[in-house]
Amino acid sequence: MLIRNRRVRSFLAGGALFLAGASVGSLATGRVSATNKFGQPKTVIHVVAYKFRPTTSLNDQQQIIAGIKEMAAAIPGIRNIWLKTERNQIRDFDGVYVIEFASPEAAADYAESPLHEAWRKRWEQLRENSLSFQVSN
């Protein structure tokens, strides 16, 4: 009888421990949202996929991409830039860069900027082709 009481007590203690763990676990997971939270910013994203001319040197390629950094530092309204291509699915294109503008007006100011115009002239000499997209909400 004594052994049976120990087994019953062990079983009850194990069950109580299990229920306590399940309760704490459900409280913790109840605070975690099952869906991702995301925003829809009002910024404008300018995405460009490009292919350099075969005669464009590596130095010229690096300088023209570095020119995007210089414009970002000098032209108001540019929030962020992305210059390293991680993955590019457009066959035969060399890379992609992205510029984020604070607003549609900032994107328009960039397009009309003398700094951008000077960079664009050099860019057109070095690139064989490019595809550009602007995206916003």
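Please read these numbers as outputs of a predicted model, since none were measured by experiment. All residue numbers refer to positions counted from 1 along the written sequence of the respective chain. Totals for whole chains, interfaces and linings use every residue, but because this is a predicted model, local features are given only for residues with pLDDT of at least 70 and side-chain atom pairs only at 80 or more, for both listing and counting. Excluded from the side-chain calculations are hydrogens and water; all other atoms, namely the structure's heavy atoms, are used.

Undergrad: Explain the overall build of the chain to me, and be specific about the residues and the numbers.
TA: Numbering of helices and strands starts at the N terminus; helices are DSSP runs of H or I of at least 4 residues and strands are runs of E of at least 2. Within the chain one finds four helices and four strands. Ordered by position in the sequence, the α and β elements of the chain form the string α-β-α-β-β-α-α-β. Split into buried and exposed, the 137 residues of the chain put 24% on the buried side. Across the chain, contacts joining residues at least 24 apart in sequence account for 74% of those joining residues at least 6 apart. Taken as a whole, the chain presents about 10,200 Å² of accessible surface, with 56% of it coming from carbon and sulfur. Burial status follows relative accessibility: with a 1.4 Å probe on protein chains alone, a residue under 20% of its type maximum counts as buried, one over 50% as exposed, and anything between as partly exposed. Note on definitions: a residue-residue contact is assigned when non-hydrogen atoms from the two residues lie within 4.5 Å. Accessible surface is estimated by sampling points in the Shrake-Rupley manner with a 1.4 Å probe; for residues, cover comes only from the protein chains shown.

Undergrad: Got a sec to walk through the sheet that holds strand β4 (residues 127–135)? Specific residues and values, please.
TA: The strands making up a sheet associate through backbone hydrogen bonding, with each pair oriented either parallel or antiparallel. Pairing is antiparallel in the open sheet, where four strands are placed in the order β2-β3-β1-β4. With partners counted over all chains shown, the strands left at the sheet margins are β2 (78–82) and β4, one partner each. Taking each pair of neighbouring strands and ignoring which way they run, the sheet shows an average axis angle of 15°. Two elements, strand β1 (residues 44–52) and β4, share eight bridges in a ladder whose sense is antiparallel. Bridging from a neighbouring strand, I45 pairs with V135 of β4. Seen against the sheet, helix α2 (residues 58–74) touches β1, β2 and β3 (95–101) and runs at an angle of roughly 160° to β2. Between any two strands, at least two bridges found by DSSP are needed for them to pair. Only the stretch in contact is used when a helix axis is fitted, and all axes are lines through C-alpha atoms; the angle between N-to-C directions ranges over 0 to 180 degrees.

Undergrad: Let's hear about the pattern of salt bridges: which residues, and what values?
TA: A pair is scored as a salt bridge if a Lys or Arg side-chain nitrogen falls within 4 Å of a carboxyl oxygen belonging to Asp or Glu. According to the stated counting rule, one finds four salt bridges in the structure shown. Of the charged contacts, one joins D60 and R122 as a salt bridge, the two residues approaching to 3.3 Å between their closest N and O atoms. In this pair, D60 is assigned in helix α2 and R122 in helix α4 (residues 114–126), connecting sequence segments 62 residues apart. Close ionic contact of R120 with E124 constitutes a salt bridge, the shortest N to O distance being 2.6 Å. Taken together, the positions of R120 and E124, both in helix α4 and four residues apart, correspond to about one turn of that helix. Judged by its relative accessible area of 32%, E124 is partly exposed. Via salt bridges that share partners, E117, R120, E124 and R127 belong to a single interconnected network.

Undergrad: Can you break down α4 residue by residue, with the values?
TA: With 13 residues, α4 should cover 18 Å at 1.5 Å per step; its first-to-last C-alpha distance of 19 Å lies within 8% of that length. Taken as a whole, α4 has its buried residues at H116, W119, W123 and L126. The buried residues of α4 occupy an angular sector of 80° when the element is viewed end-on, so they sit on one face. Pointing more than 90 degrees away from the buried face of α4 are the exposed residues P114, A118, K121 and Q125. On its buried side, α4 packs onto β1, α2, β3, α3 (104–112) and β4. Polar contacts here mean pairs of N or O atoms no more than 3.5 Å apart (in protein, one a potential hydrogen donor and the other a potential acceptor; neighbouring residues in sequence count only if both atoms are side-chain atoms). By the N-cap criterion, in which a side-chain oxygen at the helix start approaches the backbone nitrogen of a residue two or three places on, α4 is capped by S113, the distance to L115 being 3.1 Å. Each residue after the first adds 1.5 Å to the expected span of a helix. The reported arc concerns the directions from the helix axis to the C-beta atoms and nothing else.

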